[in-house]
Amino acid sequence: MSAIESNSGEFAGKRALVTGGTRGIGAAVVRGLLDAGAEVLTTARSATGTAPEGATFVAADVRTQAGAQALSTAAREVLGGVDILVHNAGGAAPYLGALAIPDEVWQDALDLNFLAAVRLDALLAPGMRERGSGMIVHISSAAVPTVAPPFLHYTTAKAALENYSRGLAAELAPFGIRVNTVSPGRTATPGGEATREQWARLTEGPGQDNTSPPLGRDGHPDDIANAVLFVVSDRASWLTGSSLVVDGGEFPRG
Ligand SMILES: NC(=O)c1ccc[n+]([C@@H]2O[C@H](COP(=O)([O-])OP(=O)(O)OC[C@H]3O[C@@H](n4cnc5c(N)ncnc54)[C@H](OP(=O)(O)O)[C@@H]3O)[C@@H](O)[C@H]2O)c1
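Quick caveat: nothing in here was measured; it's all calculated off a predicted structure. (Residues numbered from 1 in each chain as written. Predicted model: local features only at pLDDT ≥ 70, side-chain atom pairs only at ≥ 80, totals over all residues. Heavy atoms only, no water.)

Student: Could you give an account of the nonpolar core, naming the residues involved and the relevant values?
Tutor: If you look at the biggest cluster of nonpolar residues, it comprises 29 residues, and the most contacted ones within it are Leu 17, Val 82, Leu 85 and Ile 136. Those elements giving two or more residues to this core turn out to be helix 2 (65-79), helix 3 (103-131), helix 4 (152-172) and strand 6 (177-184). Among the elements that take part in this core, helix 3 stands out by supplying 8 residues, more than any other. Those residues within four positions of Leu 17 in sequence are excluded, and the remaining contacts are Leu 41, Leu 71, Val 82, Ile 84, Leu 85, Val 86, Leu 120 and Leu 124. Formed by 26 residues, the second largest nonpolar core is a distinct cluster that contains Phe 11, Leu 34, Ile 84 and Ala 225. (Core = buried A, V, L, I, M, F, W, Y, C linked by side-chain atoms within 4.5 Å. Buried < 20%, exposed > 50% of the residue type's maximum accessible area, 1.4 Å probe, protein only. Helix = DSSP H or I, 4+ residues; strand = E, 2+ residues; numbered from the N terminus. Contact = heavy atoms within 4.5 Å.)

Below, the structure written as structure tokens:
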């Protein structure tokens, strides 16, 4: 079993906003930041899952401009500003081939996995620029290069997110703001399991390759949270515009 590794008090005095922090990878990131001393605001559409104790929860749908505005206002009122921004909310249901993906599903995938980050960055990065520091992490997916047809809406949106992140990193580096993506592989989370079950039902079989990644097991949310905590820490102070793939070796990138 993985565990969160960070230096105690490493994020003392830091204010963090994590989207999708009520379960899975987002909840692990919230716990890790809290344990290391940060003040954390998190969001989901509902509090059905619960945000880790110690975090402030605000209900918002990050797919909409109104949701981004509500979060930005809450960040100002609750935290007084944001030093660490982690865009984690994401996901998409599988379809039987790219041509079967309806228009509204494409739009939803782009809103949740790409434009939500663009909108929130536009609202919160200016404050970081004024202060001359900030860390932004966008959660992508290790599966981006596979361009698998059942998930083409999802991997296309995540590919856009990675491209955008590199451009934003270049633009914001002179202001002391670092922007990186962390790309998980198959990770045991409620969302990940639900997607794999949907795929199995759709194909009336296991559908996806059920063999373990080369390192012999699926990821635990803490595996991904550890990577995020490293990326936003001062230990990664020379890291920007990069994509850190954390997938047990399943999807090597050139
Ligand atoms: N698990 C994997 O195998 C895997 C692999 C590659 C990449 N990823 C990526 O890792 C990230 C986290 O995945 P996960 O598996 O931990 O997901 P998860 O278990 O489904 O949790 C998703 C979180 O995001 C929230 N959320 C979903 N839609 C939202 C919306 N429109 N507005 C605000 N909050 C929203 C959910 O709460 P509500 O539903 O209440 O809104 C929940 O807190 C995603 O970006 C995903 O694409 C995961």
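Now that the structure is up, let's keep going.
Student: Describe the site of the ligand, and please don't skip the residues or the numbers.
Tutor: In the vicinity of the ligand there are 32 residues, among which Thr 22, Arg 45, Asn 88, Tyr 154 and Thr 189 approach most closely. Arg 23 is positioned such that a nitrogen or oxygen atom in its side chain is 3.3 Å from an oxygen atom of the ligand. The contact in question runs from an oxygen atom of the ligand to an N or O atom on the side chain of Lys 158, over 2.9 Å. Mapped by element, the contributors of at least two residues to the shell around the ligand are helix 1 (24-35), helix 4 and helix 5 (190-203). Class assignment for the residues of the shell around the ligand results in 10 nonpolar, 15 polar and 7 charged. (Near = heavy atom within 4 Å. Polar contact = N/O pair within 3.5 Å; in protein donor to acceptor, adjacent residues only side chain to side chain. Nonpolar A, V, L, I, M, F, W, Y, C, P; charged D, E, K, R; others polar.)

Student: Give a detailed account of the packing of aromatic side chains, specifying residues and quantitative values.
Tutor: For the structure shown, the criterion picks out 2 aromatic pairs. Ring geometry for Phe 114 against Tyr 164: centres 6.0 Å apart, planes inclined by 75°, an arrangement best described as edge-to-face. Here Tyr 164 lies in helix 4 and Phe 114 lies in helix 3, a separation of 50 residues in the sequence. Judged by relative accessible area, Tyr 164 falls into the buried class, the value being 19%. (Phe/Tyr/Trp six-rings, centres within 6.5 Å; stacked < 30°, edge-to-face > 60°.)

Student: Go over the pattern of salt bridges, please, and point to the residues and values.
Tutor: On inspection of all chains with the given rule, the structure shows 10 salt bridges. Between Arg 196 and Glu 193 there is a salt bridge; the shortest N-O distance is 3.5 Å. Note that Arg 196 and Glu 193 are positioned in helix 5 at a spacing of 3 residues, about one turn of the helix. Looking at Glu 193, the relative accessible area reads 33%, which means it is partly exposed. A salt bridge links Arg 217 to Asp 223; the nearest nitrogen and oxygen atoms lie 2.8 Å apart. Taking the relative accessible area as the measure of exposure, Arg 217 reaches 44% and is therefore partly exposed. (Salt bridge = Lys/Arg side-chain N within 4 Å of Asp/Glu carboxyl O.)

Student: Tell me what's going on with the sheet that holds strand 4 (residues 84-87), and back it up with residues and numbers.
Tutor: The sheet built from 7 strands is open, its strands ordered 3-2-1-4-5-6-7 with parallel pairing. Either end of the sheet is taken by a strand with one partner, and the two such strands are strand 3 (56-59) and strand 7 (243-246). Pairwise comparison of adjacent strand axes, ignoring direction, gives a mean angle of 20° for this sheet. As defined by bridge partners, strand 1 (residues 15-19) adjoins strand 4 across 3 bridges and the pair is classed as parallel. Looking across to strand 4, one finds that Leu 17 is bridged to Leu 85. Across the sheet, helix 6 (residues 221-232) is in contact with strand 4, strand 5 (134-139), strand 6 and strand 7; its angle to strand 6 comes to roughly 165°. (Pairing = 2+ DSSP bridges. Axes fitted to C-alpha atoms, helices over the stretch in contact; angles between N-to-C directions.)

Student: Can you lay out the packing of helix 2 against helix 3 for me, pointing to particular residues and giving the numbers?
Tutor: Closest axis-to-axis distance for the helix 2/helix 3 pair is 9 Å, and the angle between their directions is 30°. As judged from the angle between their axes, helix 2 and helix 3 are roughly parallel. Considering the relative orientation of helix 2 and helix 3, their crossing is right-handed. Side by side, helix 2 and helix 3 meet where Gln 65, Ala 68, Gln 69, Leu 71, Ser 72 and Ala 75 of the first sit next to Arg 119, Leu 120, Leu 123 and Leu 124 of the second. (Parallel < 35°, antiparallel > 145°, perpendicular 65-115°, else oblique. Left-handed = near helix turned anticlockwise from the far one by under 90°.)

Student: Break down the environment of Val 118 for me, citing the residues and quoting the values.
Tutor: Within the secondary structure, Val 118 sits in helix 3. Sequence separation between Val 118 and Ala 143 is 25 residues; the distance between their C-alpha atoms is 21 Å.

Student: Can you tell me about unusual backbone geometry, naming the residues and giving the values?
Tutor: Non-glycine residue Val 147 carries a positive phi angle of around 35°. Tracing the backbone shows Val 147 in the loop between strand 5 and helix 4.

Student: I'd like a rundown of helix 5, residues and numbers included.
Tutor: The first and last C-alpha atoms of helix 5 sit 20 Å apart over 14 residues, in line with the 20 Å expected at 1.5 Å per residue. Among the residues trailing helix 5, Glu 204 stands out with phi positive, at a value near 50°. (Expected span 1.5 Å × (residues − 1).)

Student: Can you break down the confidence of the model for the chain residue by residue, with the values?
Tutor: Confidence along the chain averages 94 in pLDDT terms, with 96% of residues attaining 70 or more. Looking across the chain, the model is least confident in helix 5, with a mean pLDDT of 91, and most confident in strand 5, with 99. (pLDDT = per-residue confidence, 0-100.)

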